[in-house]
Amino acid sequence: MGLVCGIAGIWERSGRLVDPAALDRMSAILRHRGPDGDGLHLDGEIGLANRRLAIVDPTPAGDQPMSLPERGLWLTYNGEIHNYPELRRELEAGGARFRTQTDTEVVLHAYAAWGADAFDRFNGMWALGIWDERERTLVLSRDRFGIKPLCYSVRDGRVVFASEPKAILEAFPEERVADDAEIDRFLRGCYTDSGEATFFANVKSLLPATTLVVTRDSLHARRYWSFEPGDERPRDDAEECFRELLRDSVRVRMRSDVPVGACLSGGLDSSAIAALVETPDERPMQCFSLLYDGWVDDESEYSRAAAGARPGRFVVHWVRPESSKLVETMRQIVWHHDAPMPLRGRIAQWFTMQEAGRHVKVVLDGQGGDELLAGYSHFVLPYLVDRLRRPTAGADGLLSELGDLARIEGRSALWFLALASGRYARSVAGLPRWGIHRPPPPPGAPTGRPYRSTLNNALWTELSSEGLPEVLHAEDALSMAFSIESRTPFLDHRLVELCFSLPYTDKISAGWTKSVLRRSLAGIVPPEILARRRKLGFSAPVAEWLRLEENLRDVREVLLDGRCVARGLVDPRRLEVALTAFERGPARFAAAQTGRMWRWITLELWFREFVDQVGRPTREGARVRHSG
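Remember, predicted model here, so these are calculated numbers, not experimental data.

**Observations concerning the packing of helix H9 (residues 326-337) against helix H24 (residues 587-611)**
Link 1 in the chain: It is at 9 Å that the axes of H9 and H24 come closest, and there the two elements cross at 60°. Considering their axes alone, H9 and H24 lie oblique with respect to each other. Crossing of H9 against H24: the hand is right-handed. Residues Val-327, Met-330, Arg-331, Val-334 and Trp-335 of H9 lie in contact with H24, whose contacting residues are Trp-598, Ile-601, Thr-602, Leu-605, Trp-606, Glu-609 and Phe-610.
Link 2 in the chain: For the contact of H9 with H24, the residue count by class is nine nonpolar, one polar and two charged.

In structure tokens, the structure reads:
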């Protein structure tokens, strides 16, 4: 089968020879992505590198870069093609002859047989570079949802690509220049990863579902995913189709020669995966769940319920995130993320992956379920808009339904409606959910409203630009920090296409989010989990921890340091006032300000890790000042 890896490559299109030392540096800094081996292919003006994390067929037969000599193809590849056995049989029927058992070789033969059309046949996650010796063409491709990262830069005829920006910076330090527009968007509260921009001015992210064909004289991007929105009509078999597609998605993502574990939060998505997964009787699945002694938002009772519903199938490892040295943990997260980032579930996810890395190389995770099935509170208002538009709906029972939906955040119905309305109104008006004017979307950000229903359009935006890409960036960065491959069954494209062909009432209905998922798994997932309404995710008491004396001292050192002040990004007087209020104010106030504080800290840590290098370029040009 395949490998989760770190990939890198250089093409000197001017004809200059690739510097082997530059390629070596790119490979070395990606070691965490592939500690099991490394390989290089150098041929004059082209160089490819690969770091290997062996999941199946760990023999040298699976080493990369891999070639198909009879066709003049070289491949460096990161990911897993889950339907590779089926593709292999099809290719063998067409005359292809294989010498390994890897999906890497299936990718090579598929490209030789079908060209760039091969990518639309893949079910999986991937980022890859193919060098065609005959055509003198470099082809880069990324999976439909951007589960696996791929970035590139173009300068003076040189094209460089890698799994992570840090690899490009390590070889070519002139790329250590910050993107002012992306920093501006970040400080205004916008989503990151919503287009092709990274936080480096000349390093771009290849968009999901995109193939980039590079010739000596041009770059041409093409979207390969052929999916078109459905008609959003009800289906009598919606529950059965959803359940069986999810079951099959879990099944193909269990294809591995090493043990597969699971992140089990006790939420609906991870519990659904645990309920459907098939494990060998002699090898229980290793699961990783959070445990906070005495914290009000501890979810361990639900994790126990999910695991306990199938006795003997799971071994649960309880993860207790550490509150000490929090800023140092944030620094490590920033380094692996190559960017500042919003808070969300970063701390809990970091410690969960750290524990998982001690036991397994592969985990299943529930990312994507909320974006497909409207699990977040900000989807409530789009649903209400659709509901009131239905000729037969009216307002009967609306307040009661809203009261049920308000329990996602544990608020009263009226307060929740006001909050959700503000978030949604700011979103559709071009404003972020935090109430500050949003700059224009970055280049490459998907646009358009392809669906009739307001809710399905909101979900499509979340899936393609305003949410999921940032979640998947973190999922990859934090899992690969500990050399783990994370697989996401909810992001099987067959399941995604089904969900977006269903009406909005299969997402939210009668006061329940994720309606089709709850209905399809009734009697399979424990009832106390199916009945959960409040959305927590992989949470942690970050506000409480940041206010500990040790951590506050580190926060002040970072934000009030002369380097941070000299950047001119945040007014220093208002920053001091904000820090004092965060430190001494009521706990509820501090919790509300934690997200903003996290953004400030991670941005400054990012500058220190990636831009403030002796003898290397720093930011240039005008800087936007933010008062916070």
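**Structural notes on the sheet that holds strand E7 (residues 137-142)**
Link 1 in the chain: The sheet built from six strands is open, its strands ordered E4-E5-E6-E7-E11-E12 with antiparallel pairing. For this open sheet the edge positions go to strand E4 (66-68) and strand E12 (219-223), each flanked by a neighbour on one side alone. Averaged over all adjacent pairs, the angle separating strand axes in this sheet is 20°, with direction ignored.
Link 2 in the chain: In the sheet, strand E5 (residues 73-81) pairs with strand E6 (residues 124-132) via nine bridges, with the strands oriented antiparallel. Counterpart to Asn-78 in the pairing with E6 is Ala-127.
Link 3 in the chain: Along the sheet, helix H3 (residues 103-114) makes contact with E4, E5, E6 and E7, crossing E5 at roughly 120°.

**Things to note about the packing of aromatic side chains**
Link 1 in the chain: On inspection of all chains with the given rule, the structure shows 23 aromatic pairs.
Link 2 in the chain: Where Phe-186 meets Phe-199, the ring centres are 5.7 Å apart and the plane angle is 85°; that geometry is what we call edge-to-face. One end of the pair, Phe-186, is in helix H5 (residues 180-187); the other, Phe-199, is in the loop between H5 and strand E10 (204-205), with 13 residues separating them in the sequence.
Link 3 in the chain: Judged by its relative accessible area of 1%, Phe-186 falls in the buried class.

**Some thoughts on the pairing of E6**
Link 1 in the chain: Within E6, nine of the nine residues are buried, which leaves the element mostly enclosed by the surrounding structure.
Link 2 in the chain: Two elements, E6 and E7, share six bridges in a ladder whose sense is antiparallel. Along E7, the bridge assignment pairs Ile-130 with Val-139.
Link 3 in the chain: In this antiparallel pair of consecutive strands, E6 and E7, the connection spans four residues, and Arg-136 shows a positive phi of 50°.

**Quick look at helix H1 (residues 20-29)**
Link 1 in the chain: Taken together, the buried positions of H1 are Ala-22, Leu-23, Met-26, Ser-27 and Ile-29.
Link 2 in the chain: Structurally, the start of H1 carries an N-cap: the backbone nitrogen of Ala-21 is 3.0 Å from a side-chain oxygen of Asp-19.

**What about the environment of Glu-557?**
Link 1 in the chain: Mapped onto the fold, Glu-557 is located in helix H21 (residues 549-559).
Link 2 in the chain: Aside from chain neighbours lying at most four places away, what touches Glu-557 is Arg-563 and Arg-608.

**Let's talk about the packing of helix H12 (residues 380-389) against helix H13 (residues 398-406)**
Angle between the axes and distance between the axes: these two values describe a pair of packed helices.
Link 1 in the chain: Running from amino to carboxyl end, H12 crosses H13 at an angle of 160°, the nearest separation of the two axes being 12 Å. Here H12 lies roughly antiparallel to H13, going by the angle between them. In terms of crossing hand, the pair formed by H12 and H13 is right-handed. Of the residues in H13, those touching H12 at Val-380, Tyr-383, Leu-384, Arg-387 and Leu-388 are Leu-398, Glu-401, Leu-402 and Leu-405.
Link 2 in the chain: A class-by-class count of the residues in the contact of H12 with H13 yields seven nonpolar, no polar and two charged.

**Quick notes on the sheet that holds strand E17 (residues 485-487)**
Link 1 in the chain: If you trace the five strands from one edge of the open sheet to the other, you get E15-E14-E13-E16-E17, paired in parallel fashion. Bordering the open sheet on either side are strand E15 (314-319) and E17, each of which pairs with just one other strand. Direction aside, neighbouring strands of the sheet carry axes that sit 30° apart on average.
Link 2 in the chain: Pairing between strand E14 (residues 285-290) and E15: six bridges, direction parallel. Paired with Phe-288 across the two strands is His-317, which belongs to E15.

Criteria and thresholds
- Residues numbered from 1 in each chain as written.
- Predicted model: local features only at pLDDT ≥ 70, side-chain atom pairs only at ≥ 80, totals over all residues.
- Heavy atoms only, no water.
- Axes fitted to C-alpha atoms, helices over the stretch in contact; angles between N-to-C directions.
- Helix = DSSP H or I, 4+ residues; strand = E, 2+ residues; numbered from the N terminus.
- Parallel < 35°, antiparallel > 145°, perpendicular 65-115°, else oblique.
- Left-handed = near helix turned anticlockwise from the far one by under 90°.
- Contact = heavy atoms within 4.5 Å.
- Nonpolar A, V, L, I, M, F, W, Y, C, P; charged D, E, K, R; others polar.
- Pairing = 2+ DSSP bridges.
- Phe/Tyr/Trp six-rings, centres within 6.5 Å; stacked < 30°, edge-to-face > 60°.
- Buried < 20%, exposed > 50% of the residue type's maximum accessible area, 1.4 Å probe, protein only.
- Polar contact = N/O pair within 3.5 Å; in protein donor to acceptor, adjacent residues only side chain to side chain.

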